[in-house]
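Structural description and commentary
Letter by letter, the chains look like this.
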Amino acid sequence: MASLPPRPSVPQPAPAPAPVPYVLALADDLSGAAETACALGGPVRLSLAADVAGSPAAHDLVVDLDTRHLPAAAAAYAVRTALRAAQAGPPRLLYKKVDSQLRGHLAAEAAAYAEGAEAVVIAPALPAAGRTVTGGVVHVNGVPLHRTDGWRAERAPAPRSLPEALSGLPVRTVPLDVVRSGPAALEAEFRRIAESGAHPAPDAETDADLDAVAAAALRLGPGFRLLGSAGLALALGRATARPAAARPPAPTRHGAPLLFVVGTAEPAAVAQIAHLAALGAHHVTLDPAGLAAGTARLPRTAAVSALTVLSIDGSAGLRPCAGRALSAALGALAAAYPGRPDLVLTGGETARTTLDALGTQELEPLGEIHHGAVHSRTPDGRHVVTRPGSYGAEDSLLRIAAALRPRLAAAPAAT
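These remarks concern the structure in this document. (Residues numbered from 1 in each chain as written. Predicted model: local features only at pLDDT ≥ 70, side-chain atom pairs only at ≥ 80, totals over all residues. Heavy atoms only, no water.)

**Topic: the packing of aromatic side chains**
Geometry of an aromatic ring pair is reported as the spacing of the ring centres plus the angle between the planes. Quick reminder of the rule: Note on aromatic pairs: the rings of Phe, Tyr and Trp (six-membered ring only in Trp) are paired at centre separations within 6.5 Å, and the planes decide the class, stacked below 30 degrees, edge-to-face beyond 60, tilted for the rest. Note on criteria: charge over ring means Lys NZ or Arg CZ within 6 Å of the ring centre, with the direction from the centre no more than 35 degrees off the ring normal.
Summed over all chains, the structure comprises zero aromatic pairs. Cation over ring: arginine 225 sits above tyrosine 113, and NZ or CZ is 5.8 Å from the ring centre.

Here it is as structure tokens:
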């Protein structure tokens, strides 16, 4: 009996890649949390409450721990508490958002974040804002951080390097040529540093450098945690490549006032406000002594303006120790503004204290108007834009006004 010809083999489909866990990102202020939420790119929840354990698994979760104003020990405790709560939920990739100029309780929070990890990969570069890391030194537009005025509102001088900023945590810098030497070499260097008991701090000057750093850390597994600015969060978003959540267009609240609350001490804010004044905005400058004493009040004229700017008079100089109290007082005034305005909040503390005064505990990020200016919506329908105080060109606030109120921005200024 003749044998039958062999059956042709049927190609078997390749096994589907394992799904990438969603991200838990912990931020120390609200503007940074909003930046991170946009950077991750997929479906995301932005929480102002440290509610980690009860969050559904089908989206990234960014939590503003609001630790900038706390003592260092309390800030570290907040990080530990969030990590413990996360362990009770579904597996997540861990990300710690830090300031690209190393402000806040960086050393204390990084040490708490490193507990239980094989290593923390530390990369605070933010190329889109001119912040790079070379030789373990943060540079701002090519100038070493400690030679800039980026820390003028802080109580201490700027650190000269990442190892100095992370004092108490063993850190080993990774030169740029190693970062760019290929995946195998970079992974091997990260692992070598981890096995020595230290944490790698790779140099980075471009988004491609940060892509290499994020990819290497992800390939090494969940024992390697990421710590960085929004630049590294963007790289993580590109590496995980999840589809963005489909959102219906947010309805514009044409009849609502638009209130800018400028809590930053950055000199650029003066020019940014001037552009709004040229548009016809009513600018209310508040006395810091009155704010601190609780006696500051909004003038009656502010209540009838479609576009108002609240700012703190900085002519007497900075008062670093009073920053949180002034932000809280400014936020309380903003929350009491009549007409349920849409809000533009510059500076992380200002954003947080204003939304706390309104009782807002969650934001839905809708997108970025420009780098760092994140447009979100509150559960009750307000539009809110948050922006770090140090970000934005001279026309930053004008661009935000044009995005939220196109007809108002196109109209000639009142005379």
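**With respect to the pairing of strand 5 (residues 119-123)**
For the record, the criterion: Remark: exposure states derive from per-residue accessible area (1.4 Å probe, protein chains only) relative to the maximum for the residue type, with buried under 20%, exposed over 50%, and partly exposed in between. Strands are runs of DSSP state E lasting at least 2 residues, helices are runs of H or I lasting at least 4, and numbering of each runs from the N terminus. Any two strands are treated as partners once DSSP identifies two or more bridges connecting them.
Strand 5 sits mainly inside the fold: five of its five residues count as buried. Covered by surrounding structure in strand 5 are Ala119, Val121 and Ala123 together with Val120 and Ile122, the residues of both alternating faces. Pairing between strand 5 and strand 11 (residues 224-228): five bridges, direction parallel. Paired with valine 121 across the two strands is leucine 226, which belongs to strand 11.

**A look at helix 9 (residues 268-278)**
Note the cut-off: Each direction from the helix axis to a C-beta atom contributes to the arc, which is the arc of those directions. Only heavy atoms matter for contacts: two residues are in contact if any of them lie within 4.5 Å across the pair.
Considered for burial, the residues of helix 9 that qualify are Ala269, Gln272, Ile273 and Leu276. The buried residues of helix 9 occupy an angular sector of 95 degrees when projected down its axis, which confines them to one face. What points out from helix 9, more than 90 degrees from its buried face, is the exposed set Val270 and Ala278. Next to the buried residues of helix 9 lie strand 12 (258-262), strand 13 (282-286), strand 14 (307-312), strand 18 (383-387) and helix 13 (396-404). Just past helix 9, the residue glycine 280 takes up positive phi, approximately 105 degrees.

**Points about the sheet that holds strand 7 (residues 137-140)**
Across the sheet, three strands lie side by side as 6-7-8; this open sheet has antiparallel pairing. Pairing within the sheet leaves two strands with one partner each, and these edge strands are strand 6 (131-134) and strand 8 (143-144). The pairing of strand 6 with strand 7 spans four bridges and is antiparallel. Directly across from valine 133, in strand 7, lies its bridge partner valine 138.

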